[in-house]
Amino acid sequence: MANLASNITTAQLDILSVAVEKYSPILEDVRSSQKGLKGRTGGLVRVVIPDSGSVVITENGLRDISNETLSNAEFSKDLKISSANTSFSATVLERVTNVDDFDKEIVQPRAVNYGETINETIIDKAYTVAGIAQTAALSTLNFDALATTAGKLRENRATNLVGYMSPTVAAKLGSKGANGSFLPPAILEPMYKDSQIGRFANVQWKESKMPVFTVATANVMASDWVIDTDGVDGAAGTIKIDDGTSTSKIDASTTIKKGSVFTIAGVYAKDVLGKNTTNLKAFVVQEDAKGAASGKITLKVGAFSDTGAHANVSVMPVATNVPVPVNCGAAKTYSVVFVFEKGNIEYDAVELNTAGFESVSVSGIDSKIKTTALVSGDINTLTAKYRIDSAFVTGGIDDRRAALLFVEI
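Keep in mind it's a predicted model, so treat the numbers as computed, not measured.

### Considering the overall build of the protein chain
Here's step 1: Per the secondary structure count, the protein chain includes six helices and 24 strands.
Here's step 2: When each of the 409 residues of the protein chain is scored for burial, the buried share is 46%.
Here's step 3: When contacts within the protein chain are restricted to residue pairs at least 6 apart in sequence, long-range pairs at least 24 apart make up 79% of them.
Here's step 4: For the protein chain, the exposed surface amounts to about 19700 Å²; the carbon and sulfur share of it is 51%.

### A short note on the side chain of Ser 314
Here's step 1: Counting through the fold element by element, Ser 314 comes out in the loop between strand S17 (296-300) and strand S18 (323-325).
Here's step 2: Excluding its chain neighbours within four sequence positions, the residues that come into contact with Ser 314 are Gly 266, Val 267, Tyr 268, Lys 270, Asn 276 and Asp 306.

### Here's the deal with the sheet that holds S18
Here's step 1: Strand order across the open sheet formed by three strands is S15-S12-S18, with antiparallel pairing between neighbours. Single-partner strands in this sheet number two, and they are strand S15 (283-284) and S18.

### Points about unusual backbone geometry
Here's step 1: Here Ala 201, not a glycine, exhibits a phi torsion of approximately 55°, which is positive.
Here's step 2: Counting through the fold element by element, Ala 201 comes out in the loop between strand S6 (198-200) and strand S7 (203-207).
Here's step 3: We note that Asn 202 has phi near 65°; this positive angle belongs to a residue other than glycine.

### Focus on the pattern of salt bridges
Here's step 1: Going through the model one piece at a time under the given rule, you end up with 16 salt bridges.
Here's step 2: With its nearest N and O atoms 3.8 Å apart, the salt bridge here joins Asp 230 to Lys 240. With a gap of ten residues between them, Asp 230 in strand S9 (residues 226-233) and Lys 240 in strand S10 (residues 238-242) connect regions that are remote in the sequence.
Here's step 3: Between Lys 300 and Glu 287 there is a salt bridge, with its nearest N and O atoms 3.8 Å apart. Of this pair, Lys 300 sits in strand S17 while Glu 287 sits in the loop between S15 and strand S16 (289-290); the two residues are 13 residues apart in sequence, bridging distant segments of the chain.
Here's step 4: Residue Lys 300 is classed as partly exposed on the basis of its relative accessible area of 34%.

### Details of the packing of aromatic side chains
Here's step 1: Considering all chains together, one arrives at nine aromatic pairs under this definition.
Here's step 2: Of the aromatic side chains, those joined through ring pairs into one cluster are Tyr 164, Phe 338 and Phe 340.
Here's step 3: It is Lys 281 that lies over the ring of Phe 283; its NZ or CZ is 4.7 Å from the centre.

### Here's the deal with the nonpolar core
Here's step 1: Judged by nonpolar contacts, the single largest core of 61 residues is most densely connected at Phe 262, Phe 283, Leu 299, Phe 338 and Leu 404.
Here's step 2: Ranked by residue count, the leading element in this core is helix H3 (residues 102-126), at six residues.
Here's step 3: Contacts of Leu 299, omitting those with residues within four sequence positions, involve Met 221, Gly 237, Thr 238, Ile 239, Ile 241, Ile 256, Phe 262, Val 285 and Ala 289.
Here's step 4: With 23 residues, the next largest nonpolar core counts Leu 141, Ala 150, Trp 205 and Val 407 among its residues.

### Some points on the environment of Glu 155
Here's step 1: Topologically, Glu 155 is positioned in helix H4 (residues 143-155).
Here's step 2: Non-local contacts of Glu 155, meaning those with residues more than four positions away in its chain, are made with Asp 271, Thr 277 and Asn 279.

### With respect to the sheet that holds S9
Here's step 1: Read from one edge of the open sheet, three strands run S9-S10-S17, paired in antiparallel fashion. Edge positions in the open sheet fall to S9 and S17, since each of these has one partner strand only. Within this sheet the neighbouring strands show an average axis-to-axis angle of 20°, counted without direction.

### Comments concerning the environment of Ala 170
Here's step 1: You can see Ala 170 is positioned in helix H5 (residues 167-178).
Here's step 2: Sequence-distant contacts of Ala 170, defined by excluding residues within four places in its chain, comprise Met 165, Ser 195, Ile 197 and Glu 207.

### With respect to the pairing of strand S12 (residues 261-264)
Here's step 1: A two-sided burial pattern is seen for S12, the buried positions comprising Val 261 and Thr 263 on one face and Phe 262 and Ile 264 on the other.
Here's step 2: Two strands pair when backbone bridges link them, and S12 and S15 are joined in this way by two bridges, in the antiparallel orientation. Considered in S15, the bridge of Phe 262 is made with Phe 283.
Here's step 3: Bridging between S12 and S18 involves three bridges; their strand directions are antiparallel. By the bridge assignment, Ile 264 is partnered in S18 with Pro 323.

### Brief notes about H4
Here's step 1: With 13 residues, H4 ought to run about 18 Å at 1.5 Å a step, and its terminal C-alpha atoms sit 18 Å apart, in line with that.
Here's step 2: Turning to H4, its buried residues are Phe 143, Ala 145, Leu 146, Thr 149, Ala 150 and Leu 153. Buried positions in H4, seen along its axis, are confined to an arc of 160° and lie on one side of it.
Here's step 3: Capping the start of H4 is the job of one residue whose side-chain oxygen sits 2.9 Å from the backbone nitrogen of Asp 144: Asn 142.
Here's step 4: Of the residues one or two after H4, Arg 157 is the one with positive phi, at around 70°.

### Some remarks on the side chain of Thr 263
Here's step 1: You can see Thr 263 is positioned in strand S12.
Here's step 2: You can call Thr 263 buried: its relative accessible area is 11%.
Here's step 3: With sequence-adjacent residues up to four places away left out, Thr 263 is seen in contact with Leu 280, Lys 281, Ala 282, Val 322, Pro 323, Val 324 and Val 326.

Basis of the calculations
Residues numbered from 1 in each chain as written. Predicted model: local features only at pLDDT ≥ 70, side-chain atom pairs only at ≥ 80, totals over all residues. Heavy atoms only, no water. Helix = DSSP H or I, 4+ residues; strand = E, 2+ residues; numbered from the N terminus. Buried < 20%, exposed > 50% of the residue type's maximum accessible area, 1.4 Å probe, protein only. Contact = heavy atoms within 4.5 Å. Areas by Shrake-Rupley, 256 points an atom, 1.4 Å probe, with all protein chains shown as cover. Pairing = 2+ DSSP bridges. Salt bridge = Lys/Arg side-chain N within 4 Å of Asp/Glu carboxyl O. Phe/Tyr/Trp six-rings, centres within 6.5 Å; stacked < 30°, edge-to-face > 60°. Lys NZ or Arg CZ within 6 Å of the ring centre and 35° of its normal. Core = buried A, V, L, I, M, F, W, Y, C linked by side-chain atoms within 4.5 Å. Axes fitted to C-alpha atoms, helices over the stretch in contact; angles between N-to-C directions. Expected span 1.5 Å × (residues − 1). Arc of directions from axis to C-beta. Polar contact = N/O pair within 3.5 Å; in protein donor to acceptor, adjacent residues only side chain to side chain.

Dropping the structure here:
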């Protein structure tokens, strides 16, 4: 086994790194310094959003700023570092008789799974950072739903938009567009052949494996629950809900799932310049929440404020406000369509500290995937264990620059 000697070579790891990125299409649309952050799994990286400030128009004179607050208040958020790993082993005899070609027998089988898994992880960590959401049914889905989602996001002054949808959703829309339409051949042919939506409503639409959001009976959010008296914490990004006088009680068996969305009457989204829009602010639950015997449940929805660099609500929610379920008012299953401003997902490779190990570490010339390989031998069984790791930090940045469409399937 000449290709798997004492360790994997830099050239072999470079091949794997590039192959993995081929199956992670989301990496084309992330923001990345590509400098190789140093850290360890479980660490944090801070992302900062600058303050866009405010502009005041004054008629017949100049604005008096003597009593104004003029501080430059940046908004920051911490992102956790994640890591991906694939491992395999080979005995001395296997290395002689079974493994002949690293590219064919190691890279090709593992690159698909490795790349797809990283791609799904990046989307899963980013899609809940969105301030616009709506639902549609797959049976009646048409391009109007895409146009509405894109229009609402452009209303937020977001530009250079990309959208990701599942193959099932893409096939449904492709069939709609190709059936009896009068589109130009250049658009109609790829839609007919490959269900490629292409560019529509100022969004470049792409196909990918997407999150599937399922609401069971224990995850249904009642339409008459209210915000608790001390339930609003914009800085922490949490809203505590009380079941109040509702017949749908919150208890220890209640779980509101990550991806659940609700709005609040009168609480509208602000655009990227901090100006009010006509779109209700979508509060997206960012991690599973467990209910308490007290009849209350705390939902993490991401930071929200009506002032400052990340002003994303027209007014702050208050106690007794009623959260209105968008996609979690009944037991259903949805496929997520994710639209965002290109670069609104942070991704950076993290250089692992492998001091004390014989290792190979490489990032391909055009690859954002940085991979590290280690090998360890067992003299008792004459078996070599190989592991390949990639560490990275990723997450959504600004909810004003992203929108969701939940397609009921």
